[in-house]
Amino acid sequence: MGLLKITVVFLGRASEFSQKSIITVELPENATLYDLLKKLGETVNPRIFTKFLEGQFVFITYVNDTPTISLTTPLRDGDRVSLITPEMGG
């Protein structure tokens, strides 16, 4: 079974949570966006995964420049996933 190499880009405050702007993550075949977020929680910052699932973090998520909100979105080798935190002001 092969591994998928996914490029993850953190934009906005997402880069503050991760302390990174871009990384490469390896995931097993048939991985989904959920699997990626779980892996980011394990390897980058546990708050990314737990706070997202609790609804406390909101990410605008793109897979290869296509917006998605489904955690069941399948990922393929070479995909680029961008996590952006929406900025709000007043």
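Just above sits the structure.
Described in the following lines is the structure provided in the data block. (Residues numbered from 1 in each chain as written. Predicted model: local features only at pLDDT ≥ 70, side-chain atom pairs only at ≥ 80, totals over all residues. Heavy atoms only, no water.)

### Remarks on helix α2 (residues 33-43)
Within α2 the residues assigned to the buried category are L33, L36, L37, L40 and G41. Seen from one end, α2 has its buried residues packed into an arc of 140°, which puts them on one side. Of the residues in α2, the exposed ones pointing more than 90 degrees away from the buried face are E42 and T43. Where the residues of α2 are buried, they touch β1 (3-11), β2 (22-28), α3 (46-53), β3 (60-63), β4 (66-68) and β5 (80-84). (Buried < 20%, exposed > 50% of the residue type's maximum accessible area, 1.4 Å probe, protein only. Helix = DSSP H or I, 4+ residues; strand = E, 2+ residues; numbered from the N terminus. Arc of directions from axis to C-beta. Contact = heavy atoms within 4.5 Å.)

### So, the pattern of salt bridges
Proximity of charged atoms lets side chains of opposite charge pair with each other. Here the structure, examined in full by the defined rule, presents 1 salt bridge. Here K5 ties to E26 by a salt bridge, and the two come within 3.7 Å at their closest N and O atoms. Residue K5 is located in strand β1, and its partner E26 is located in strand β2; the two are separated by 21 residues in the primary sequence. Given a relative accessible area of 39%, E26 falls into the partly exposed group. (Salt bridge = Lys/Arg side-chain N within 4 Å of Asp/Glu carboxyl O.)

### A few points about the nonpolar core
The biggest cluster of nonpolar side chains holds 23 residues, and the ones touching the most others in it are V8, L36, L40 and L83. Of all elements in the fold, only β1, α1 (14-18), β2, α2, α3 and β5 reach the threshold of two or more residues within this core. Excluding residues within four positions of it along the chain, L83 makes contact with V8, V9, F10, L11, A14, L37, L40, F59, I60 and T61. (Core = buried A, V, L, I, M, F, W, Y, C linked by side-chain atoms within 4.5 Å.)

### Brief notes about unusual backbone geometry
In most cases, non-glycine residues show a negative phi, while peptide bonds are predominantly trans. One non-glycine residue, N30, lies in the positive phi region at around 70°. Checked against the element boundaries, N30 lands in the loop between β2 and α2. At N64, a residue that is not glycine, the phi angle is positive and equals roughly 55°.

### A few points about the pairing of β3
A one-sided burial pattern is seen for β3, the buried positions being T61 and V63 and the unburied ones I60 and Y62. Pairing geometry for β3 and β5, over 4 bridges, is antiparallel. Bridge pairing in β5 places T61 opposite L83. Relative to β4, β3 runs antiparallel, the two sharing 3 bridges. Along β4, the bridge assignment pairs Y62 with P67. The turn joining β3 and β4, which pair antiparallel and follow one another in sequence, is formed by 2 residues; a positive phi near 55° is taken by N64. (Pairing = 2+ DSSP bridges.)

Geometric values such as these leave the question of function open.
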